Amino acid sequence: MPDSTTEVTAAGIARLAGVGRAAVSNWRRRHPDFPRPVGGTETSPSFALADVEEWLRAQGKLAEVPLRERVWQQVAGHPAGAVTALAHAGAVLLLVRDRSAAWPVLAAVPDERLAGTLTVALEEALTERFGPERSEMGVPPAGGRGRAVRTPTAAELAPSLPLVRATADLAAETGARQTFEFLLGRYLDANPRQYTLTPPGPAALMAALAATGTEGRPTVLDPASGTGTLLRAVEHPAALHGQDADPDLAALTALRLALACDADIRVRTGDSLRADAFPHLAADAVLCHPPFNERNWGHDELAYDPRWEYGFPARTESELAWVQHALARLRPGGTAVLLMPPAVASRRSGRRIRADLLRRGALRAVVALPAGAAPPYGIPLHLWVLRKPAAGVSASQELLLVDTTSLAAEQTGGGRDKLDWQAVHTAVLDAWLPFAEAGTVAPAPGASRSVPVIELLDDDVDLAPARHLPPPAAGGGAADLARVRDRLAETLGRTVALTPPPTSPASAEPAAARLTGVTVGELARTGALELRAGGAGALGGTTPSLTATADQATAGGGANAADAAGPGPDGRGRTGRLLTEHDVLAAQPPSGTLPEGPSEEPVLLRAGDVVVPVLGGGSVARVVDAATAGAALGRNLQLLRPDPAALDPWFLAGFLRGTANNRQASSYASTATRLDVRRLQLPRLPLAEQQRYGERFRRLAEFEDALRLAGRLGEQLVQGLYDGLADGTVAP
C-alpha cells in the first residue's frame, strides 16, 4: 500500500488513470464521493494517493497502479520536497547497485530501526563512491568544498522509508540507472522553467568533438554541470569533474553520473568563476554550456585573476570568461567545447580576446547549429572548439567554420523536436575530423571552410560562419536545377492524373444515412474501434507488453514482427521511432525517437490505424501505412484502431476530416483549440458502402500528397533560380 502521506495532483491522477486532466475535473464535479483535497491550493489541489487509488478501483478505472507511477508519486509528494526525495532515492539506488548483497539484509529491518541502520550504510557507500564528506579534522576536503551528496540523517530518512523501499523494488525490475533516469526525467519535465537543460543531441556532438586527440580514458570537466547531460555523454571516462552553483543540481548530477558509469566522480557545489573547486586540474577535455548574458559574473572581484591569459573580459562578455576558464583547466593539447550564443562571435566588446585566441591557435573551430538545438531555442547557437596551446607546437594558421543552420530549413516546419541530429552530427564531424588531423580541409560550399586566420584579424574579428560561407544556390547549381524541374514536371503530370473528376450532387440515400449518425465514442463502447492516446513513452528494456504490441503491428497487412522490433530504414530500431504531431501535419515519416528509461509501454502503430492530432484546430486524419507501422504514437495524437469487419479505415479518416464535424467536436481556450475525438461523428453505412467512400477518400489523399510534393519542388526550383541568377551560376 502507498504511504498515507503521499499526495497527488490532478495531473498525477490523470496519468494514473490514463486520461486527460479534463476527465479528472469532470469526476470531481459529477461524483460526490470523489476524494477531497488534502493540500495544495484552490487552483492546484492535491489529494491523498491512497484515497485516489481506492476510488479509482471502486469506479473500475484502475486495476493496479504501476510501480514506477507509485514511486514517482511518492517523490512528488515527499514532505521535504521532490529534490530531497530524489537525493534519498539516488543514494539508495547507489547502495543497491554497488552493494547488492547488503540491501536484502537492510530491507528486512523494520522501519523503526531502518532509518538509523540505513544512514550508516549510505555513508559507507557514498564515501566509497565520492570520497569523504568531511576530513578527519571535521572540515570539508578539497579546498573547503566537500562532495555534493550529503549523507542524510536518520531523522531526515524517516519520511523517505516507503519511498526507498519502493525505489529498490523498481530497481530490481528495471535497473538502478534506469530508475534514477526515469525519476529525474519526470522531475525535470514537471519543472521546465526552473532549469536550463542541454538536450542529448548537442551533448553527444560536443562529447564527440572533445574526444578527438584523446588517447585512453579521458578526464573531463564541466564547470557549469547543470543536470550532468554533457558529462553523461562522454564515452568510457576515467574521471568526471563537475561543478554547479545550485547545490541541489550538484547532488543529483553526482548521483546520476555515479549510476551511469564506473568513472571517478567528483562533483562540487559553487560558482566556478568565483570559487573554482578544481584549481589544479589539468583535464583532457572540458565540456560546458555556460549561463548566457550574465552581468554579475565576477567582473569586479576577478580583475587580476591569472585565468585571463587572453585578455580581461568586459562585463558584458561573461561567455569569454567561461572560455578562458575552460582553457585554464585543460592540459596542454586538451580540447574544450562550449555552447555559446551567436553574439559572442561578433560583439565588438570581445574582439580583442577573439583576436588573441586566433593568433595563439587556441580557437580551432566555430560551428553554427540549427535554431532549436538548445535553449534559448529561437536562435541558432554556436559551438566553440578550443585547444590549449602546447609548448613547441606552432599555432594553427586556419580556423574551421561550419554552418549547419540549413539542416533546420530542410526539416519541414522546423522546431526543436524535429531536428535530424544524425545529419548535424555527421556534417560537423565530417569537417572537423580531417581538419583536426591536417589543420586544413577542403571547402564545402555553404557548409564548411577552413579560413586563414589572417583574413579574420580585421577591425571586427567577426567569427560568425554565415559571414564567411556564402550559401550555395538553393537548387545546387544548373544541373541540379534541371533535375528538380524534371521531377516537378513528373509530379505535376501525376497530379493532373489524380485530379478528382467533376462532382455531381449526392443521391438522397447517402444524405438520409448521414442523418442517422454515430459518434466515435459510441463506436468505441461497442468495440467497433479502439481509442488510444499518444505519449512519449520510453525505450527501456524489452517488456512482454511492449513486445506483444510490436508483434501486433502485422495486423491489417502492416509491418511484420521483426520489422516492428528490428532496425528500420533509418538504422534505428522500429520500436524507437516516434510519430510526432508535426509528422502527421506534414505527412512525413516518423521523425521522433523514444527517450531512454524504464519502459512506459508506448502505443505502437499498426497498418490501418487512423491518427488524429487533438490540438490546433485543423481537420487532419492520417491512415497508417506499412512504412509507419511499428512506430510509437507521440504526444497530442489520438489513435483510432477500427475493427476491419466493421469499419473501413479510409472511410473513417475521410469523415473525421470534415470541417463541420471538427467544428462541433472542438472546444476553444484562450490560446488553443482542442479536439474531442469521441464527439466526432460518422454516418451509419454498411461495410460495402464504406469501402466505396473509402476508395474515394484514399484517392483524395494521394492527390493531396502529390500537390504537397509539387509545392515543395516548385519552391525549391524558384528559389534556386533566384539564387543562381543572382550569384552568376545560372545564365539569364
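Below: a short report on this structure.

## Some remarks on the overall build of the protein
- The secondary structure content of the protein amounts to 29 helices and 23 strands.
- Long-range contacts, defined here as pairs at least 24 residues apart, represent 72% of the contacts in the protein between residues at least 6 apart.
- Approximately 33,500 Å² of the protein is accessible, and the part contributed by carbon and sulfur atoms is 53%.

## A word on the pairing of strand β6 (residues 264-269)
- In this sheet, β6 lies alongside strand β5 (residues 239-244) in parallel orientation, the contact comprising 6 bridges. Note that in β6 the partner of His-241 across the bridge is Arg-266.
- Regarding the hand of the β-α-β motif, the stretch spanning β5, helix α14 (residues 247-260) and β6 is right-handed.

## Things to note about the side chain of Arg-307
- Along the polypeptide, Arg-307 turns up in the loop between β7 (283-288) and α15 (318-328).
- Within the structure, the side chain of Arg-307 is placed 3.2 Å from the backbone oxygen of Ser-272, a separation counted as a polar contact.
- Within the local environment of Arg-307, its side chain forms a polar contact with the backbone oxygen of Leu-273, the two atoms lying 2.5 Å apart.
- Those residues in contact with Arg-307 that lie beyond four places of it in its chain are Ser-272, Leu-273, Asp-276, Leu-302, Gln-324, His-325, Ala-328 and Arg-329.

## Quick notes on the sheet that holds strand β12 (residues 448-452)
- Reading across the sheet, the 9 strands line up as β6-β5-β4-β7-β8-β10-β9-β11-β12 and stay open at both edges, with mixed pairing between neighbours. Edge strands, defined here as strands with exactly one partner in the open sheet, are β6 and β12. For this sheet, the mean angle separating the axes of adjacent strands, direction not counted, is 15 degrees.
- With 5 bridges connecting them, β7 and strand β8 (residues 330-340) associate as parallel partners. Looking at β8, one finds that Ala-285 is bridged to Thr-335.
- Across the sheet, α15 touches β7, β8 and β10 (382-387), and the angle it forms with β8 is around 155 degrees.

## Overview of the layout of surface pockets
- In this structure, the second largest pocket spans a volume of roughly 600 Å³.
- In terms of residue class, the lining of the second largest pocket is built from 15 nonpolar, 13 polar and 6 charged.

## Digging into helix α11 (residues 176-190)
- Taking 1.5 Å of rise per residue, 15 residues should cover 21 Å, and α11 covers 21 Å from first to last C-alpha, within 8% of that figure.
- Regarding α11, the residues found buried are Ala-176, Thr-179, Phe-180, Glu-181, Phe-182, Leu-183, Leu-184, Arg-186, Tyr-187 and Leu-188.
- Elements that come into contact with the buried residues of α11 comprise α1 (10-17), α4 (67-76), α5 (82-98), α10 (161-174), α13 (229-232) and α14.

## Here we look at unusual backbone geometry
- In this structure, the amide linkage connecting Pro-375 to the following residue, Pro-376, adopts the cis form with an omega of -5 degrees.
- Following the sequence through the fold, Pro-376 ends up in the loop between β9 (363-368) and β10.
- You will see that Val-461, though not glycine, has its phi angle at about 50 degrees, which is positive.
- Here Val-461 shows up in the loop between α19 (453-456) and α20 (465-468).
- Given a relative accessible area of 3%, Val-461 falls into the buried group.

## Here's the deal with the packing of α4 against α10
- Two elements in contact, α4 and α10, have axes separated by 9 Å at closest approach and are oriented at 150 degrees. The hand of the α4/α10 crossing is left-handed. Side by side, α4 and α10 meet where Leu-67, Arg-68, Val-71, Gln-74 and Val-75 of the first sit next to Pro-162, Leu-163, Ala-166, Thr-167, Asp-169, Leu-170 and Glu-173 of the second.
- Taken together, the residues of the contact of α4 with α10 break down into 7 nonpolar, 2 polar and 3 charged.

## A closer look at the sheet that holds strand β17 (residues 610-613)
- Spatially, 4 strands are ordered β14-β20-β17-β18 in an open sheet, and the strand pairing comes out antiparallel. Looking at the sheet topology across the chains shown, the edges are occupied by β14 (529-533) and β18 (622-623).
- Both β17 and strand β20 (residues 637-642) contribute to a ladder of 4 bridges, which runs antiparallel. When the sheet's bridge partners are listed, Val-611 is paired in β20 with Leu-639.
- The strands that helix α27 (residues 649-656) touches are β14, β17, β18 and β20; relative to β17, the one it contacts most, it runs at about 15 degrees.

## With respect to the environment of Ala-254
- Note on placement: Ala-254 falls in helix α14.
- Of the residues examined, Ala-254 reaches a relative accessible area of 2% and is grouped as buried.
- C-alpha of Ala-254 to C-alpha of Thr-227: the two residues are 27 residues apart in sequence and 8.9 Å apart in space.

## Some details on the pattern of salt bridges
- A complete count under the given rule lists 36 salt bridges for this structure.
- Taking the shortest distance from any N to any O, the salt bridge between Arg-494 and Glu-702 comes out at 3.5 Å. On the criterion of sequence distance, the pair formed by Arg-494 in helix α21 (residues 478-498) and Glu-702 in helix α29 (residues 687-727) is long-range, its members being 208 residues apart.
- Ionic pairing is found between Arg-708 and Glu-704, a salt bridge with its closest N-O pair at 3.8 Å. Residue Arg-708 and its partner Glu-704 are located together in helix α29, separated by 4 residues, close to a single helical turn.

## Regarding the environment of Arg-684
- On the secondary structure map, Arg-684 appears in the loop between β23 (681-683) and α29.
- For the pair Arg-684 and Thr-519, spaced 165 residues apart in the sequence, the C-alpha separation amounts to 9.9 Å.

## Here we look at the packing of α10 against α11
- Between α10 and α11, the least distance of the axes is 7 Å, while the angle of their chain directions is 120 degrees. When the axis of α10 is compared with that of α11, the two are oblique. Between α10 and α11 lies a crossing whose hand is right-handed. Across the interface between the two elements, Thr-167, Leu-170, Ala-171 and Thr-174 of α10 pack against Ala-176, Gln-178, Thr-179 and Phe-182 of α11.
- Partitioned by chemical class, the residues of the contact of α10 with α11 number 4 nonpolar, 4 polar and no charged.

The rules behind each value
Residues numbered from 1 in each chain as written. Predicted model: local features only at pLDDT ≥ 70, side-chain atom pairs only at ≥ 80, totals over all residues. Heavy atoms only, no water. Helix = DSSP H or I, 4+ residues; strand = E, 2+ residues; numbered from the N terminus. Contact = heavy atoms within 4.5 Å. Areas by Shrake-Rupley, 256 points an atom, 1.4 Å probe, with all protein chains shown as cover. Pairing = 2+ DSSP bridges. Right-handed = clockwise from strand over helix to strand, strands pointing away. Polar contact = N/O pair within 3.5 Å; in protein donor to acceptor, adjacent residues only side chain to side chain. Axes fitted to C-alpha atoms, helices over the stretch in contact; angles between N-to-C directions. 1 Å grid on protein atoms, 1.4 Å probe; cavity = no way out; pocket = protein on both sides within 12 Å on 5 of 7 lines; lining within 4 Å. Points joined across faces, edges and corners; volume = space filled by probe spheres on them. Nonpolar A, V, L, I, M, F, W, Y, C, P; charged D, E, K, R; others polar. Expected span 1.5 Å × (residues − 1). Buried < 20%, exposed > 50% of the residue type's maximum accessible area, 1.4 Å probe, protein only. Left-handed = near helix turned anticlockwise from the far one by under 90°. Salt bridge = Lys/Arg side-chain N within 4 Å of Asp/Glu carboxyl O. Parallel < 35°, antiparallel > 145°, perpendicular 65-115°, else oblique.

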